Amino acid sequence: MQQEKKGLFISVEGGEGVGKTTNLEFIIDYLQKKAVPVVSTREPGGTPLSEEIRELLLKPRDENVSEVTELLMMFAARAQHLKQKILPALEGGDWVVCDRFTDATYAYQGGGRGMELNKIAVLENLVQGDLRPDRVILLDLPVEIGMDRAKKRGELDRFESQRIEFFQRVRSAYLQRAAQQPQAYRIIDASLTLDKVQQQIQIVLDDLISESQRI
Ligand code: TMP
(Lines give C-alpha, C1' and ligand atoms only; values in the text may rest on other atoms or scores of the structure.)
Protein backbone atom coordinates (compact mmCIF):
# COMPACT_ATOMS: atom_id res chain seq x y z
CA MET A 1 0.00 0.00 0.00
CA GLN A 2 2.60 2.48 1.17
CA GLN A 3 4.79 2.24 -1.95
CA GLU A 4 2.15 3.81 -4.19
CA LYS A 5 1.39 6.68 -1.82
CA LYS A 6 2.34 10.13 -3.13
CA GLY A 7 0.24 12.65 -1.18
CA LEU A 8 0.60 13.28 2.55
CA PHE A 9 -1.89 11.96 5.04
CA ILE A 10 -2.78 14.19 8.01
CA SER A 11 -5.25 13.30 10.72
CA VAL A 12 -6.72 15.72 13.24
CA GLU A 13 -7.53 14.29 16.65
CA GLY A 14 -8.76 15.30 20.07
CA GLY A 15 -11.54 14.78 22.59
CA GLU A 16 -15.00 16.32 22.47
CA GLY A 17 -15.30 20.10 22.09
CA VAL A 18 -11.61 20.76 21.35
CA GLY A 19 -12.41 22.89 18.27
CA LYS A 20 -11.80 20.31 15.55
CA THR A 21 -14.39 21.69 13.11
CA THR A 22 -13.11 25.29 13.12
CA ASN A 23 -9.50 24.22 12.95
CA LEU A 24 -10.12 21.71 10.19
CA GLU A 25 -11.59 24.52 8.10
CA PHE A 26 -8.49 26.58 8.83
CA ILE A 27 -6.20 23.69 7.79
CA ILE A 28 -8.01 23.12 4.49
CA ASP A 29 -8.08 26.85 3.69
CA TYR A 30 -4.42 27.27 4.53
CA LEU A 31 -3.30 24.32 2.39
CA GLN A 32 -5.44 25.49 -0.52
CA LYS A 33 -3.90 28.96 -0.27
CA LYS A 34 -0.49 27.30 -0.48
CA ALA A 35 -1.67 25.49 -3.66
CA VAL A 36 -1.59 22.06 -2.02
CA PRO A 37 -4.19 19.73 -3.62
CA VAL A 38 -6.21 18.55 -0.64
CA VAL A 39 -9.10 16.19 0.07
CA SER A 40 -10.97 16.73 3.32
CA THR A 41 -12.76 13.81 4.94
CA ARG A 42 -13.76 12.34 8.28
CA GLU A 43 -14.08 9.16 10.35
CA PRO A 44 -16.17 7.32 11.02
CA GLY A 45 -17.58 8.23 7.59
CA GLY A 46 -16.24 9.68 4.38
CA THR A 47 -18.13 7.47 1.89
CA PRO A 48 -21.88 6.76 1.64
CA LEU A 49 -21.54 3.31 3.25
CA SER A 50 -19.13 4.53 5.94
CA GLU A 51 -21.45 7.44 6.74
CA GLU A 52 -24.28 4.92 7.25
CA ILE A 53 -22.05 2.97 9.64
CA ARG A 54 -21.32 6.29 11.41
CA GLU A 55 -25.03 6.86 11.97
CA LEU A 56 -25.37 3.38 13.45
CA LEU A 57 -22.38 4.00 15.72
CA LEU A 58 -23.40 7.43 17.02
CA LYS A 59 -27.12 6.87 17.49
CA PRO A 60 -28.02 6.64 21.19
CA ARG A 61 -29.72 3.28 21.80
CA ASP A 62 -31.09 1.25 24.70
CA GLU A 63 -29.27 -1.91 23.61
CA ASN A 64 -25.80 -2.22 25.10
CA VAL A 65 -23.29 -2.18 22.22
CA SER A 66 -20.50 -4.70 22.76
CA GLU A 67 -16.97 -3.28 22.64
CA VAL A 68 -15.97 -5.72 19.92
CA THR A 69 -19.01 -4.74 17.81
CA GLU A 70 -18.08 -1.08 18.14
CA LEU A 71 -14.45 -1.78 17.25
CA LEU A 72 -15.34 -3.87 14.19
CA MET A 73 -17.79 -1.24 12.97
CA MET A 74 -15.11 1.46 13.25
CA PHE A 75 -12.74 -0.65 11.19
CA ALA A 76 -15.46 -1.70 8.72
CA ALA A 77 -16.16 1.98 8.03
CA ARG A 78 -12.40 2.61 7.80
CA ALA A 79 -11.73 -0.22 5.34
CA GLN A 80 -14.36 1.16 2.96
CA HIS A 81 -13.14 4.73 3.41
CA LEU A 82 -9.54 3.76 2.69
CA LYS A 83 -10.40 1.78 -0.44
CA GLN A 84 -12.89 4.24 -1.89
CA LYS A 85 -11.47 7.59 -0.93
CA ILE A 86 -8.23 7.89 1.04
CA LEU A 87 -5.93 5.60 -0.97
CA PRO A 88 -7.10 6.81 -4.41
CA ALA A 89 -6.59 10.42 -3.30
CA LEU A 90 -3.09 9.77 -1.90
CA GLU A 91 -2.11 7.75 -4.96
CA GLY A 92 -3.31 10.61 -7.17
CA GLY A 93 -0.95 12.97 -5.30
CA ASP A 94 -3.56 14.74 -3.17
CA TRP A 95 -3.02 15.40 0.49
CA VAL A 96 -5.72 13.92 2.69
CA VAL A 97 -6.84 15.71 5.84
CA CYS A 98 -8.96 13.38 7.94
CA ASP A 99 -11.08 14.43 10.91
CA ARG A 100 -10.01 11.52 13.15
CA PHE A 101 -8.44 8.20 12.11
CA THR A 102 -7.06 5.13 13.89
CA ASP A 103 -5.52 7.13 16.73
CA ALA A 104 -9.13 7.84 17.74
CA THR A 105 -9.68 4.08 17.97
CA TYR A 106 -6.67 3.71 20.28
CA ALA A 107 -7.96 6.64 22.37
CA TYR A 108 -11.71 5.85 22.49
CA GLN A 109 -11.92 2.06 22.18
CA GLY A 110 -8.49 1.49 23.78
CA GLY A 111 -8.35 4.24 26.41
CA GLY A 112 -12.06 5.01 26.83
CA ARG A 113 -13.51 1.48 26.63
CA GLY A 114 -10.41 -0.26 27.94
CA MET A 115 -9.92 -2.65 25.01
CA GLU A 116 -6.53 -4.32 24.69
CA LEU A 117 -4.34 -2.30 22.38
CA ASN A 118 -2.94 -5.38 20.66
CA LYS A 119 -6.46 -6.31 19.47
CA ILE A 120 -6.73 -2.88 17.87
CA ALA A 121 -3.28 -3.32 16.32
CA VAL A 122 -4.37 -6.59 14.68
CA LEU A 123 -7.25 -4.83 12.92
CA GLU A 124 -5.09 -1.82 12.10
CA ASN A 125 -2.64 -4.08 10.27
CA LEU A 126 -5.39 -6.02 8.55
CA VAL A 127 -7.24 -2.93 7.30
CA GLN A 128 -4.38 -0.52 6.67
CA GLY A 129 -1.33 -2.63 5.87
CA ASP A 130 1.52 -0.24 6.62
CA LEU A 131 -0.43 2.96 5.96
CA ARG A 132 -0.25 5.38 8.89
CA PRO A 133 -0.84 9.15 9.01
CA ASP A 134 2.27 11.19 8.18
CA ARG A 135 1.22 13.70 10.83
CA VAL A 136 -1.31 13.52 13.66
CA ILE A 137 -2.41 16.96 14.84
CA LEU A 138 -3.70 16.50 18.37
CA LEU A 139 -5.87 19.33 19.72
CA ASP A 140 -5.47 18.97 23.46
CA LEU A 141 -7.74 20.54 26.04
CA PRO A 142 -8.71 19.78 29.66
CA VAL A 143 -11.73 17.49 29.52
CA GLU A 144 -14.05 19.74 31.58
CA ILE A 145 -13.67 22.64 29.13
CA GLY A 146 -14.26 20.41 26.09
CA MET A 147 -17.32 18.75 27.62
CA ASP A 148 -18.89 22.12 28.45
CA ARG A 149 -18.46 23.20 24.84
CA ALA A 150 -19.83 19.90 23.50
CA LYS A 151 -22.92 20.12 25.75
CA LYS A 152 -23.73 23.61 24.43
CA ARG A 153 -23.99 22.15 20.90
CA GLY A 154 -27.25 20.41 21.80
CA GLU A 155 -28.25 16.75 21.88
CA LEU A 156 -25.44 14.39 22.80
CA ASP A 157 -24.59 11.33 20.66
CA ARG A 158 -23.73 7.85 21.99
CA PHE A 159 -20.10 8.84 22.66
CA GLU A 160 -20.72 12.36 23.94
CA SER A 161 -23.09 11.01 26.57
CA GLN A 162 -20.32 8.98 28.25
CA ARG A 163 -19.21 9.97 31.74
CA ILE A 164 -16.35 12.40 32.30
CA GLU A 165 -14.00 9.58 33.41
CA PHE A 166 -14.34 8.06 29.93
CA PHE A 167 -13.08 11.30 28.35
CA GLN A 168 -10.28 11.57 30.89
CA ARG A 169 -9.10 8.13 29.77
CA VAL A 170 -9.46 9.21 26.12
CA ARG A 171 -7.29 12.28 26.73
CA SER A 172 -4.63 10.29 28.59
CA ALA A 173 -4.53 7.68 25.83
CA TYR A 174 -3.99 10.38 23.19
CA LEU A 175 -1.22 12.01 25.23
CA GLN A 176 0.41 8.65 25.84
CA ARG A 177 0.42 7.85 22.10
CA ALA A 178 1.78 11.30 21.36
CA ALA A 179 4.65 10.68 23.79
CA GLN A 180 5.35 7.29 22.17
CA GLN A 181 5.30 8.66 18.62
CA PRO A 182 6.90 12.10 18.71
CA GLN A 183 7.85 11.87 15.02
CA ALA A 184 4.19 11.64 13.90
CA TYR A 185 2.36 13.63 16.58
CA ARG A 186 2.15 17.38 17.06
CA ILE A 187 0.31 18.46 20.21
CA ILE A 188 -1.58 21.74 19.93
CA ASP A 189 -2.62 23.52 23.12
CA ALA A 190 -6.30 24.09 22.28
CA SER A 191 -6.96 26.07 25.48
CA LEU A 192 -5.29 29.15 23.96
CA THR A 193 -7.08 31.79 21.85
CA LEU A 194 -8.11 30.71 18.35
CA ASP A 195 -5.37 32.92 16.87
CA LYS A 196 -2.69 31.24 18.97
CA VAL A 197 -4.07 27.77 18.21
CA GLN A 198 -3.97 28.51 14.50
CA GLN A 199 -0.45 29.93 14.72
CA GLN A 200 0.67 26.59 16.18
CA ILE A 201 -1.16 24.68 13.44
CA GLN A 202 0.37 26.87 10.76
CA ILE A 203 3.87 25.95 11.95
CA VAL A 204 2.99 22.25 11.64
CA LEU A 205 1.62 22.75 8.12
CA ASP A 206 4.58 24.88 6.99
CA ASP A 207 6.93 22.13 8.19
CA LEU A 208 5.02 19.52 6.22
CA ILE A 209 5.02 21.67 3.09
CA SER A 210 8.79 22.15 3.30
CA GLU A 211 9.31 18.44 3.99
CA SER A 212 7.21 17.50 0.96
CA GLN A 213 9.24 19.87 -1.21
CA ARG A 214 12.48 18.22 -0.10
CA ILE A 215 11.31 14.72 -1.12
P1 TMP B 1 -16.72 13.28 15.83
O2 TMP B 1 -17.56 13.70 16.98
O3 TMP B 1 -15.35 13.78 15.92
O4 TMP B 1 -17.34 13.51 14.52
O5 TMP B 1 -16.51 11.67 15.96
C6 TMP B 1 -17.53 10.84 16.21
C7 TMP B 1 -17.32 10.05 17.47
O8 TMP B 1 -16.76 8.79 17.14
C9 TMP B 1 -16.42 10.69 18.49
O10 TMP B 1 -17.12 10.70 19.73
C11 TMP B 1 -15.24 9.77 18.60
C12 TMP B 1 -15.77 8.45 18.09
N13 TMP B 1 -14.74 7.59 17.43
C14 TMP B 1 -14.35 6.45 18.07
O15 TMP B 1 -14.81 6.14 19.16
N16 TMP B 1 -13.41 5.66 17.45
C17 TMP B 1 -12.88 5.96 16.22
O18 TMP B 1 -12.04 5.22 15.70
C19 TMP B 1 -13.33 7.18 15.57
C20 TMP B 1 -12.78 7.53 14.23
C21 TMP B 1 -14.26 7.95 16.22
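Look up: the structure comes first, before these words.
Now for a look at the structure at hand.

Parameters at a glance
- Residues numbered from 1 in each chain as written.
- Predicted model: local features only at pLDDT ≥ 70, side-chain atom pairs only at ≥ 80, totals over all residues.
- Heavy atoms only, no water.
- Axes fitted to C-alpha atoms, helices over the stretch in contact; angles between N-to-C directions.
- Helix = DSSP H or I, 4+ residues; strand = E, 2+ residues; numbered from the N terminus.
- Parallel < 35°, antiparallel > 145°, perpendicular 65-115°, else oblique.
- Left-handed = near helix turned anticlockwise from the far one by under 90°.
- Contact = heavy atoms within 4.5 Å.
- Nonpolar A, V, L, I, M, F, W, Y, C, P; charged D, E, K, R; others polar.
- Core = buried A, V, L, I, M, F, W, Y, C linked by side-chain atoms within 4.5 Å.
- Buried < 20%, exposed > 50% of the residue type's maximum accessible area, 1.4 Å probe, protein only.
- Near = heavy atom within 4 Å.
- Polar contact = N/O pair within 3.5 Å; in protein donor to acceptor, adjacent residues only side chain to side chain.

### As for the packing of helix α4 (residues 102-112) against helix α5 (residues 117-128)
Look at α4 against α5: their axes get within 10 Å of each other, and the N-to-C directions meet at 155 degrees. Comparing the axis directions of α4 and α5 gives the class roughly antiparallel. Seen from above, α4 lies across α5 with right-handed handedness. The residues of α5 that touch α4, namely those facing T102, T105, Y106, Q109 and G110, are L117, I120, A121, E124 and Q128. Within the contact of α4 with α5, the residues separate by chemical class into four nonpolar, five polar and one charged.

### Some words on the nonpolar core
Membership of the largest hydrophobic core comes to 25 residues, with the highest contact counts inside it found for L31, W95 and V97. Only β1 (9-14), α1 (20-33), β3 (95-99), β4 (135-140) and α8 (194-214) provide two or more residues apiece to this core. When residues no more than four places from it in sequence are discounted, the contact partners of W95 are G7, L8, I10, L31, V36, P37, V38, V39, L208, I209 and S212. Of all hydrophobic cores here, the second largest spans 20 residues; its members include A77, V143, F166 and V170.

### Some details on unusual backbone geometry
In this structure, P44 follows E43 across a cis peptide bond, with omega equal to -10 degrees. Mapped onto the secondary structure, P44 falls in the loop between β2 (38-42) and α2 (48-58). Positive phi, close to 65 degrees, is recorded for A35, a residue that is not glycine. Tracing the backbone through its elements, the reader meets A35 in the loop between α1 and β2. Its relative accessible area of 65% is what places A35 among the exposed residues. Phi angles above zero are rare outside glycine, and R100 is one such case at about 75 degrees. Relative to the helices and strands, R100 resides in the loop between β3 and α4.

### Re the site of the ligand
By nearness alone, 14 residues border the ligand, and K20, R54, R100, T105 and Q109 come closest of all. Take E16: an N or O atom from its side chain is 2.9 Å from an oxygen atom of the ligand. Between the ligand and the protein, one listed contact pairs an oxygen atom with a side-chain N or O atom of R54 at 2.7 Å. Elements with a contribution of two residues or more to the shell around the ligand: α2, α3 (67-91) and α4. Sorting elements by how many residues they give to the shell around the ligand places α4 first, with four residues. Residues of the shell around the ligand, tallied by class, amount to six nonpolar, two polar and six charged.

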